[in-house]
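Each chain, letter by letter, is given below.
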Amino acid sequence: DTEVTQTPKHLVMGMTNKKSLKCEQHMGHRAMYWYKQKAKKPPELMFVYSYEKLSINESVPSRFSPECPNSSLLNLHLHALQPEDSALYLCASSLGQTDGYTFGSGTRLTVV
Amino acid sequence: KQEVTQIPAALSVPEGENLVLNCSFTDSAIYNLQWFRQDPGKGLTSLLLIQSSQREQTSGRLNASLDKSSGRSTLYIAASQPGDSATYLCAVRNAGNMLTFGGGTRLMVKP
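These notes cover the structure that comes with them. What you are looking at is a predicted structure, and each value in this text was computed from that prediction instead of being measured. (Residues numbered from 1 in each chain as written. Chains lettered and ligands numbered in written order. Predicted model: local features only at pLDDT ≥ 70, side-chain atom pairs only at ≥ 80, totals over all residues. Heavy atoms only, no water.)

Attention now goes to the overall build of chain A. A count of helices and strands for chain A gives zero helices and eleven strands. Listed by position from the N terminus, the elements making up chain A come as β-β-β-β-β-β-β-β-β-β-β. Taking 112 residues into account, the globule formula puts the C-alpha radius of gyration at 13 Å, and chain A, at 13 Å, falls close to it. On the principal axes, the C-alpha backbone points of chain A span a range of 40 × 25 × 20 Å. Across the 112 residues of chain A, 46% fall into the buried class. Once local pairs closer than 6 in sequence are excluded, the contacts in chain A between residues at least 24 apart make up 53%. Accessible surface, chain A: about 5,400 Å² in total, of which carbon and sulfur atoms supply 50%. When the 12 positive and 10 negative side-chain charges of chain A are each reduced to one mean point, those points stand 8 Å apart. (Helix = DSSP H or I, 4+ residues; strand = E, 2+ residues; numbered from the N terminus. Rg over C-alpha atoms; globule rule 2.2 N^0.38 Å. Buried < 20%, exposed > 50% of the residue type's maximum accessible area, 1.4 Å probe, protein only. Contact = heavy atoms within 4.5 Å. Areas by Shrake-Rupley, 256 points an atom, 1.4 Å probe, with all protein chains shown as cover. Lys, Arg positive; Asp, Glu negative; His and termini not counted. Charge placed at Lys NZ, Arg CZ, Asp CG, Glu CD.)

Printed below as a string of C-alpha cells:
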C-alpha cells in the first residue's frame, strides 16, 4: 500500500456544525501532516505529528483540533468554522527526514 | 526562513515543445527537493525527489536537476503533451519536518 487515503472527499458544513476529516496510511510512515490549500495558492502547513505526538502547530485557530490515535491514522476535528475556512485540506506522510512526502487526494471543505 | 520561488507563474505552449520550469530557494541547508504535480481540485502527486547529495533525477520524460550551492532546481519536460497540463509545485525540505512550497507554475499544453 503506497497511498494516503483521505475521507470524505467533499464536505459541506454549517458554521455551528462539528465534523471530522480522516486520513489513513499503511506505509509505516512516522510523520503525518495537515495542510490547508486555498485556490491558486500553495499548500500551507497546519500541523505536524511525529511518532504520534504533535510536534508543530503553525498557530492554527483552536476551531481546528488534530488527533493522532495511532501511527496510521490522523484526524482533524472541525468546530464552529467560518466561511473563510473553506479550502482543500490535504494530509501527507513521510518516513524519515530524507524521504519524500506522500499526499492524499484531499478533502474539499465548504463552510456555509 | 526558507523562501521558495517558481518562475514562470504560468506557461502556455503548443504540444511537442520541450519545457523548463524553474525553482529557486534561499537557504541551501536542505535535506531534499521534491517536484509535485497538482490537477485542479486534486491532491499532490510526487514526480521526482532529489536528495541534497544528488545532482539530478529522471523519470520518463521528466528530468529534475539540483544545484544546492546556488539554490536552484529545474524541471525539464520533454515533448510536452496536453495531458501534462497541471500546476507544478517545487518543495524543499529543511530540518524540523518542514516542507516549504513555491507558488507553483500553471502549465497549459495546447493540442
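We now examine the sheet that holds strand β3 (residues 18–25) of chain A. All names here are of chain A. Pairing is antiparallel in the open sheet, where four strands are placed in the order β1-β3-β8-β7. For this open sheet the edge positions go to β1 (4–7) and β7 (64–70), each flanked by a neighbour on one side alone. Between one strand axis and the next, the sheet turns through 20° on average, direction left out of account. As defined by bridge partners, β7 adjoins strand β8 (residues 73–79) across five bridges and the pair is classed as antiparallel. Pairing of Asn70 across the sheet is with Leu73, part of β8. (Pairing = 2+ DSSP bridges. Axes fitted to C-alpha atoms, helices over the stretch in contact; angles between N-to-C directions.)

Contacts between the two partners involve 24 residues from chain A and, on the opposite side, 21 residues from chain B. Taken together, both faces of the contact between chain A and chain B bury some 1,700 Å²; the carbon and sulfur share is 52%. If you sort the residues of chain A by the area they bury against chain B, Gln97(A), Tyr101(A) and Phe103(A) come out on top, with a joint share of 33%. Inspection of the region where chain A meets chain B yields zero salt bridges. Scanning the region where chain A abuts chain B turns up eight residue pairs in polar contact (both at pLDDT 80 or more). Counting residues per element, the ones that place at least two in the side of chain A that touches chain B are β4 (31–37), β5 (44–50) and β9 (87–94) of chain A. Of the residues forming the side of chain A that touches chain B, the biggest block, four residues, is contributed by β4(A). (Buried area = accessible area lost by both parts, 1.4 Å probe. Salt bridge = Lys/Arg side-chain N within 4 Å of Asp/Glu carboxyl O. Polar contact = N/O pair within 3.5 Å; in protein donor to acceptor, adjacent residues only side chain to side chain.)

So, on to the state of the cysteines. Disulfides are covalent bonds that link the sulfur atoms of two cysteine residues. As enumerated under the stated definition, the model contains two disulfides over all chains in all. The disulfide that involves Cys23(A) links it to Cys91(A), with 1.9 Å between the sulfurs. Residues Cys23(A) and Cys91(A) are joined by a disulfide whose S-S torsion is about -70°; by sign, that bridge is left-handed. Separated by 68 residues along the polypeptide, Cys23(A) in strand β3 and Cys91(A) in strand β9 bring together distant segments of the chain. Across this residue pair, the class does not change: Cys23(A) and Cys91(A) are buried. With its sulfur 1.9 Å from that of its partner, Cys23(B) forms a disulfide with Cys90(B). Given an S-S torsion of about -55°, the disulfide between Cys23(B) and Cys90(B) has left-handed geometry. (Disulfide = S-S within 2.5 Å.)

Residues and elements named next belong to chain B. Structurally, the position occupied by Arg106 is in strand β11 (residues 105–110). Considering only alpha carbons, one finds Arg106 and Thr87, 19 residues apart in sequence, at a separation of 4.3 Å. Apart from the residues lying within four places of it in its own chain, the contact partners of Arg106 are Ala9, Ala10, Leu11, Ala86 and Thr87.

Attention now goes to the packing of aromatic side chains. Taken as a whole, this structure holds nine aromatic pairs over all chains when the rule is applied. Arranged with centres 5.9 Å apart and planes meeting at 90°, the rings of Tyr35(A) and Phe101(B) form a pair that is edge-to-face. Of this pair, Tyr35(A) sits in strand β4 while Phe101(B) sits in strand β10 (residues 98–101), on two different chains. By relative accessible area, Tyr35(A) is classed as buried at 1%. Aromatic pair Phe64(A) and Tyr89(A): ring centres 5.9 Å apart, planes at 35°, arrangement tilted. Here the residue Phe64(A) occupies a position in strand β7, and Tyr89(A) occupies one in strand β9, the gap between them amounting to 25 residues. Take Phe64(A) and Tyr89(A): they sit in the same class, and that class is buried. A network of ring pairs unites the aromatic residues Tyr33(A), Tyr35(A), Tyr101(A), Phe103(A), Phe36(B) and Phe101(B) as a single cluster. (Phe/Tyr/Trp six-rings, centres within 6.5 Å; stacked < 30°, edge-to-face > 60°.)

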